[in-house]
Amino acid sequence: MTTFDDILEEAGKFGRCQKRIFALLCMVSMPWAGVYVGIVFQGFTPDHWCRDPEVVERRRECSWSLADSRRLTVPLVNSSGVPQPSTCEQYEVDWNRTGLTCDSQGLDLSGTPTTGCKNGWEYDYEGRQSFVTEFDLVCSDAWLVDMYQATLNVGFLVGSIAIGYLADRFGRKMSFLMSNLLNGIAGILVAVAPNYVSLLVFRTLYGFGVKGGWVAGYVLITELVGVEYRRTVGVLYQMFFSVGILILPLLAYYITDWRWLQVVITVPYIIFLSYYWFIPESPRWLLSQNQKSKAVKITEDMAKENKMTLSKNIETLADDNADSHTVSFMDLIRTPKMRKHTFILSYNWFTSAVVYQGLIMRLGILEGNVYIDFLISGLVEFPAAFLILFTIERIGRRLPFAAANIVAGAACFITAFIPDSMLWFKTLVACIGRLGITMAFEMVVFVNTELYPTFVRNFGVSVCSTLCDVGGIIAPFLLYRLAVIWLELPLIIFGSLAFVAGGLVLLLPETRGVPLPETIDDIEFPDRCKEKAAMKNQQLTNLLPQSDVSTNKETAVV
């Protein structure tokens, strides 16, 4: 029997064909950034105050400044001990009353009764429009902004499970294309939503397709390359999300209406439908579905594009995972070490999502320039991928993974207590935290796959990663509601979560240089796994002709 990995030795493990497909699929990560954290710009809440139509009219008649009209509309309230103009109350004044003149400086309304906003709000937003300003999601309705991100993550949660099943049932390519069709339709519906309720419904549908399609692309490219290239391909595939992070603030700066920004974020998903003609189905999946002829045809086309020649071994090509197992959730928690791995990995997925989304969304509630701050924080994500690739084969997985979480946690704590007068230092420390949590987020993906046996690996990753979406649902409520109490309070929560995550990672085994486990016994008794791998390598060496052994030795030396 010849496995697909054996044939890849002849067809090319990462040749021109795989590089072309990889480049195409990396594009999928970029618009996902706009979907995932676009709330920073689409849901931006600018400085606002109650709108009084009579004051607006007087402002025009008396040539008052915006500051004058605001002073005469809303009272001062104590915010953290500092008097600030109220955003949710206004003076009750009869401006038609005789005696009120255009002399704004001479008017003292400090003793005037106040009431809640009756005629909506005015926004200091320089001609821009977010869905917050369009639907007046402030004051008592401010919590509805949290729902914009929460419903997206509900879609992620359901969609990743559903489309994961469809990818196993109908193929990676078909699931990828159907997801992008849904993304195109749902994304445009979000852009034209007539009210906020319909916006949340369409946003949920959007989330359903976006993450599932991204995961289908991830699985497809990792199944098309040789084993030794999978980790690098996976990390770089995620790194293009960071490219999208850099592009997003530039788009948001020049596109002033949130609806048009939504259209621009969605257009790439419509373009991705053209991939029908440019990417193949996964030969591994075709073999698992007993569609050998199609798998052989695609493999031959790959070899041809890579300018490689296949031997007759392809005639005996078969699925290397032919043995089927009935998988259940109990497999993940029945034995002690599997149970430990499941708990720690699930917690790390949850923490990565909460801290990563929280730190990005926090940029939208700070007083600095949100576009510049977002761009700077996005730049620090790039070193994350290269640090991972540099350290995991030299140091291992466990220490960099734990250190990334601990650094993120420490940075959150330190940032919370740095005074605003030291703005650049505060920004620098926050960026270090962003780098740490980005590393942790990217590492949990492949560490998860290395700590589960073959027959339950995909299922285990799916189960653990659902906590990522649960974290995404909770993150906006943690950030926006706690920030009302104290702006830095969410950082204390984020830091605590990340510290605990780093400590738990140290309880995981090191997987550098360890063969992927095939059974639960390999997890529970890792020494047996190492012995079995050594015996297998010795058997393969004995089976190889002497010339092949010499060639392999020479290659190893080179």
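Residue numbering note: each chain is counted from 1, following its sequence as written. Note on the predicted model: pLDDT of at least 70 is required for a residue's local features to be given, and 80 or more for side-chain atom pairs to be given and counted; whole-chain, interface and lining totals, by contrast, use all residues. Side-chain metrics rest on all non-hydrogen atoms present in the structure, leaving aside hydrogens and water.

If you look the chain up in an unreviewed UniProt entry, it shows as Solute carrier family 22 member 3 from Sparus aurata.

Novice: What am I meant to see in the overall build of the chain here?
Specialist: Every helix listed is a DSSP run of H or I at least four residues long, and every strand listed is a run of E at least two residues long, numbered separately from the N terminus. Across its full length, the chain carries 25 helices and 6 strands. Taken across its 558 residues, the chain has 51% of its residues classed as buried. We call two residues contacting when some pair of their heavy atoms lies within 4.5 Å. Counted over contacts in the chain with a minimum sequence separation of 6, partners at least 24 positions apart contribute 80%. Each accessible area is a Shrake-Rupley estimate made with a 1.4 Å probe; only the visible protein chains count as cover when residues are assessed. When the accessible area of the chain is evaluated, it comes to approximately 26,000 Å², of which 63% is carbon and sulfur surface. Using a 1.4 Å probe on the protein chains alone, a residue whose accessible area is under 20% of its type maximum counts as buried, one over 50% counts as exposed, and one in between counts as partly exposed.

Novice: What's the story with unusual backbone geometry in this structure? I'm lost.
Specialist: Leaving glycine out, the prevailing phi sign among residues is negative, and the prevailing peptide bond configuration is trans. Positive phi values are uncommon outside glycine, yet Asp-136 reaches one of about 50°. The exposure class assigned to Asp-136 is partly exposed, which follows from its relative accessible area of 24%. With a phi close to 55°, Cys-139 is a non-glycine residue in the positive phi region. By the element assignment, Cys-139 lies in the loop between helix 7 (131-135) and helix 8 (143-170).

Novice: In this structure, what is going on with helix 22 (residues 489-505)? I would like to understand it.
Specialist: Working note: α-helix, 3.6 residues per turn, so residues spaced by three or four point in the same direction. The terminal C-alpha atoms of helix 22 lie 25 Å apart, and with 17 residues this matches the ideal 24 Å at 1.5 Å per residue to within 8%. Among the residues of helix 22, Pro-490, Leu-491, Ile-492, Phe-494, Gly-495, Leu-497, Ala-498, Ala-501, Gly-502, Leu-504 and Val-505 are the ones counted as buried. Taken together, the buried residues of helix 22 touch helix 16 (336-362), helix 19 (398-417) and helix 21 (457-485). In this scheme, a helix's expected span is set at 1.5 Å multiplied by one less than its residue total.

Novice: For this particular structure, what's the right way to read the packing of helix 10 (residues 196-224) against helix 12 (residues 258-271)?
Specialist: Angle between the axes and distance between the axes: these two values describe a pair of packed helices. Every axis corresponds to a line fitted to the C-alpha atoms, with the helix fit spanning only the stretch in contact, and the corresponding angles, defined between N-to-C directions, vary from 0 to 180 degrees. Between helix 10 and helix 12, the shortest axis-to-axis distance is 13 Å and the interhelical angle comes to 25°. By the angle between their axes, helix 10 is roughly parallel relative to helix 12. For the element pair helix 10 and helix 12, the recorded crossing hand is left-handed. Residues Leu-199, Tyr-206 and Val-210 of helix 10 form the contact with helix 12, whose participating residues are Trp-258, Gln-262, Ile-265, Thr-266 and Tyr-269. In the contact of helix 10 with helix 12, the residues fall into 6 nonpolar, 2 polar and no charged. Convention used here: angles under 35 degrees read as roughly parallel, angles over 145 as roughly antiparallel, angles from 65 to 115 as roughly perpendicular, and any remaining angle as oblique. For any pair of crossing helices, the crossing counts as left-handed if the nearer helix is rotated counterclockwise from the farther one by less than a right angle, and right-handed if it is rotated clockwise. Here the term charged refers only to Asp, Glu, Lys and Arg, the term nonpolar to Ala, Val, Leu, Ile, Met, Phe, Trp, Tyr, Cys and Pro, and the term polar to all other amino acids, Gly among them.

Novice: Is there a simple way to explain the nonpolar core in this structure?
Specialist: Generally speaking, a soluble globular protein has its nonpolar side chains buried in company with each other. In this structure, Leu-25, Phe-41, Phe-131, Phe-176, Tyr-196, Leu-199 and Phe-374 are the most contacted members of the largest nonpolar core, which totals 129 residues. The element contributing the most residues to this core is helix 16, with 13 residues. No fewer than three residues from each of domain 1 (1-44 + 129-320) and domain 3 (327-530) sit in this core. Beyond its immediate chain neighbours, meaning those up to four positions away, Phe-374 contacts Val-37, Val-40, Phe-41, Ile-245, Leu-248, Pro-249, Ile-360 and Leu-363. The criterion is simple. A nonpolar core is a set of buried Ala, Val, Leu, Ile, Met, Phe, Trp, Tyr and Cys residues joined through side-chain atoms within 4.5 Å. Each domain's limits were defined by an automated method or a database of domain assignments.

Novice: Sorry if this is basic, but what is going on with the packing of aromatic side chains here?
Specialist: In this description, a pair of aromatic rings is defined by centroid distance and the angle of the planes. Classification of ring pairs rests on two measures: the distance between centres of Phe, Tyr or Trp rings, Trp counted by its six-membered ring, which must be within 6.5 Å, and the angle between planes, read as stacked under 30 degrees, edge-to-face over 60 and tilted in between. The final tally for this structure, using the stated rule, is 31 aromatic pairs. Here Phe-41 and Tyr-371 contribute two aromatic rings whose centre-to-centre distance is 5.4 Å and whose plane-to-plane angle is 15°, an arrangement assigned as stacked. Taken together, the residues span a long stretch of sequence, with Phe-41 in helix 4 (residues 39-42) and Tyr-371 in helix 17 (residues 370-379) at a distance of 330 residues. Residue classification places Phe-41 among the buried residues on the basis of a relative accessible area of 6%. A residue is classified by how much of its surface remains accessible, and Tyr-371, at 15% relative accessible area, is buried. Taken together through their ring pairs, the aromatic side chains of Trp-32, Tyr-36, Phe-156, Trp-214, Tyr-218, Tyr-237, Phe-241, Trp-349, Tyr-356 and Phe-441 make up a single cluster. The ring of Phe-170 carries Arg-169 above its face, with NZ or CZ at 5.0 Å from the centroid. Looking at Arg-203, its charged tip hangs above the ring of Tyr-148, at a distance of 3.9 Å from the centre. Any Lys NZ or Arg CZ that is within 6 Å of a ring centre and within 35 degrees of that ring's normal is treated as a charge sitting over the ring.

Novice: What exactly am I supposed to notice about the side chain of Glu-524 here?
Specialist: Residue position: Glu-524 is located in helix 23 (residues 520-524). Here Glu-524 occupies a buried position and makes no salt bridge, while the nearest side chain of opposite charge, Lys-337, is found at 5.8 Å. A distance of 2.7 Å separates the side chain of Glu-524 from the side chain of Thr-335, its partner in a polar contact. N or O atoms closer than or at 3.5 Å make up a polar contact, with two conditions inside protein: a donor-capable atom paired with an acceptor-capable one, and, for residues adjacent in sequence, both atoms drawn from side chains. From its side chain, Glu-524 meets the backbone nitrogen of Met-338 in a polar contact 3.1 Å long. Once you skip the residues sitting within four places of it in the chain, Glu-524 turns out to touch Thr-335, Pro-336, Lys-337 and Met-338. Think of it this way: Lys and Arg go in the positive column, Asp and Glu in the negative one, and His and the chain ends go nowhere. Any Lys or Arg side-chain nitrogen found within 4 Å of a carboxyl oxygen on Asp or Glu counts as a salt bridge.

Novice: It is not clear to me how the environment of Phe-208 should be interpreted in this structure. Could you clarify?
Specialist: Within the secondary structure layout, Phe-208 lies in helix 10. On the basis of relative accessible area, Phe-208 is assigned to the partly exposed category, the value being 25%. Sequence spacing of Phe-208 and Ala-162 is 46 residues, and the spatial spacing of their C-alpha atoms is 8.5 Å. Non-local contacts of Phe-208, meaning those with residues more than four positions away in its chain, are made with Gly-155, Phe-156, Val-158, Gly-159, Ala-162, Ile-163 and Leu-182.

Novice: I would appreciate a short explanation of the packing of helix 9 (residues 172-192) against helix 12 in the present structure.
Specialist: One way to put it is that helix 9 packs onto helix 12 with a least axis distance of 8 Å and a crossing angle of 170°. Between helix 9 and helix 12, the interaxial angle falls into the category roughly antiparallel. When helix 9 is examined against helix 12, the residues Asn-180, Asn-183, Gly-184, Gly-187, Ile-188, Val-190, Ala-191 and Val-192 are found in contact with a partner set consisting of Trp-258, Arg-259, Gln-262, Val-263, Thr-266, Tyr-269 and Ile-270. Here the residues of the contact of helix 9 with helix 12 are counted per class, giving 8 nonpolar, 6 polar and 1 charged.

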